[in-house]
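Structural features, examined
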Amino acid sequence: MSARTRFGDTARLVLAILLAGSAVSCTTTIPGEPIGQGSVVSRGDPDNPGGVDPSFVANSDGGEIDRLAATVITDVRTYWEQTFPEAFGKQFEDLKGGYYSVDTADAGSKAPPCADKSTDVEGNAFYCPTADVIAWDRAALLPVLRDRFGEAAVMLVLAHEMGHAVQARTGAGVDQRKANPRKFPTILIEAMADCYAGSFVRWVADGKARHLEIAKERLDSALESLISFRDPIGTDQTDRGAHGDAFDRVSAFQDGYESGVKLCADMTVENRKFTLSGFTDAGDQARGGNLEFDQIVTSITPGLNKYFAELVTKAGRQWAEPKVREVGSRPNCTRADQGPVAFCPDGTAVEVDTAKELPKIHADIGDYATGTLMASRYGLAALAASGKPVEGADAQRSAVCLAGAFTGSLFGATPRFLSPGDLDEAVQVLLDYDYAARDTSGKAIDAGFDRVTAFRDGFTRGGQDCGLT
């Protein structure tokens, strides 16, 4: 079979899990509640109110899924036609092999280039460099993503695949990777493609696309779809085919969104820090990287106190260690709802719901969801100790930033505290809940995208940039 670059080698596994027990079809029921059903196709375009005619797509059935895909492809081609010359000093050449839609629900359907049969594409989209073609499964991938995460997920997946086509045109293609695999490991190639997708989505969000549109608050569902393709917990970044954990993939997308194409093109193994890691402890591996709820609360508290005591002292203030107070319901030491973990405004305690919502979040997401929420409340305690406001937009950002800074201090530390998957859990709880960003008045940063950005700022730059001084 010819070489090809997939959106993620985990894509087939993820969607196989989602589709388990059901026939592969566009009517498959997906577990969980849909989180993003809005359209990204502009209804204000009088020429194409329902999307672009997909007749240029090989093997298309002309249906709404292929109309959505054709709309995305049309705008992403325009983006690169406009952006490529300035970024790379030459014109963008469209794909010689074109675009191919595959009906994997029909075993007799024609196979796309680089595949032996149509079912080889099941649950996937890919760019094939040998044929210079992008293909997608219109039966068991795009409709599943659309129904689970919204149309923004389809936009992101196809923009990612076009990112691989850009790599083939800019010196990071399959020949270069074969010649120098250490320079171009898969995890770097995937990060670059995620980054290119982010730069395109920013162009759409800025209102520059003809057919597509997306509001800032809709980016959360796009990121949810992206992290569904993260590598399985325990994958090492040196593994052949490693694509990155949720933190790696979201970071790359956000870097493209915030900084543009040049940053993406300049990524190297020397300047890009990846957090994907394998297990180094058999006991941790047996637990799936998760401590029990009561264990994470007690085990993380000494580290929180030590880290924030040092940070506040460096800021010229005195740290007063808050007492962790376990409560059987929503914390009530504050006049407003901070969620299942609360910093008490008098500075004496951090209250933790040990009976209801926090244990559920812990069970649903993992132990470092609990750790992230606790770290954000200690962040508020650090603000209070530093004489900074614990209400308002600055406090909201600082709380999340300081949670990221604390987490960054644990990354790579000896003895190891963070487990593989912990950063995935941090990203997930930041996208799903605004609790980490709530101030003492109960108000928070609205967008999960912005909460993750603040967390990443702390993780990469440290607590000194989180507003304590």
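The structure reproduced in this document is the subject of the present report.

What counts and how
Residues numbered from 1 in each chain as written. Predicted model: local features only at pLDDT ≥ 70, side-chain atom pairs only at ≥ 80, totals over all residues. Heavy atoms only, no water. Disulfide = S-S within 2.5 Å. Helix = DSSP H or I, 4+ residues; strand = E, 2+ residues; numbered from the N terminus. Salt bridge = Lys/Arg side-chain N within 4 Å of Asp/Glu carboxyl O. Expected span 1.5 Å × (residues − 1). Buried < 20%, exposed > 50% of the residue type's maximum accessible area, 1.4 Å probe, protein only. Pairing = 2+ DSSP bridges. Axes fitted to C-alpha atoms, helices over the stretch in contact; angles between N-to-C directions. Contact = heavy atoms within 4.5 Å.

**What to know about the state of the cysteines**
For the structure shown, the criterion picks out four disulfides. Two residues, Cys333 and Cys344, share a disulfide whose sulfurs are 2.1 Å apart. Torsion about the S-S bond of the Cys333 and Cys344 cystine: about -95°, corresponding to left-handed handedness. Of the two residues, Cys333 sits in the loop between strand 5 (323–327) and strand 6 (341–343) while Cys344 sits in the loop between strand 6 and strand 7 (349–353), which places them 11 residues apart along the sequence. Covalent S-S linkage joins Cys401 and Cys466, the inter-sulfur distance amounting to 2.0 Å. Here Cys401 and Cys466 share a disulfide; its torsion about the S-S bond, -70°, makes the bridge left-handed. Remark: Cys466 occurs in the segment after helix 16 (448–461) and Cys401 occurs in helix 14 (residues 393–410); sequence separation between them is 65 residues. Shown here for the protein is a disulfide pattern of 1-2, 3-4, 5-6, 7-8, where each number marks a bonded cysteine counted in sequence order.

**Looking at the pattern of salt bridges**
Going through the model one piece at a time under the given rule, you end up with 24 salt bridges. With a closest N to O distance of 2.2 Å, Glu357 and Arg330 form a salt bridge. Highlighted residues: Glu357 in helix 12 (residues 357–365) and Arg330 in the loop between strand 5 and strand 6, separated in sequence by 27 residues.

**With respect to helix 4 (residues 151–168)**
Between the first and last C-alpha of helix 4 there are 27 Å, a value that for 18 residues agrees with the 26 Å anticipated at 1.5 Å per step. Counting buried positions over the 18 residues of helix 4 gives 17, a clear majority of the element.

**A short note on the sheet that holds strand 7**
Taken in spatial order, the three strands of this open sheet run 5-7-6, and their pairing is mixed. Lying at the two open borders of the sheet, with one neighbouring strand each, are strand 5 and strand 6. Pairs of neighbouring strands in the sheet enclose a mean axial angle of 20°, with direction left out of account. On top of the sheet, helix 13 (residues 367–385) reaches strand 5, strand 6 and strand 7; it is set at about 5° to strand 6, its chief contact.

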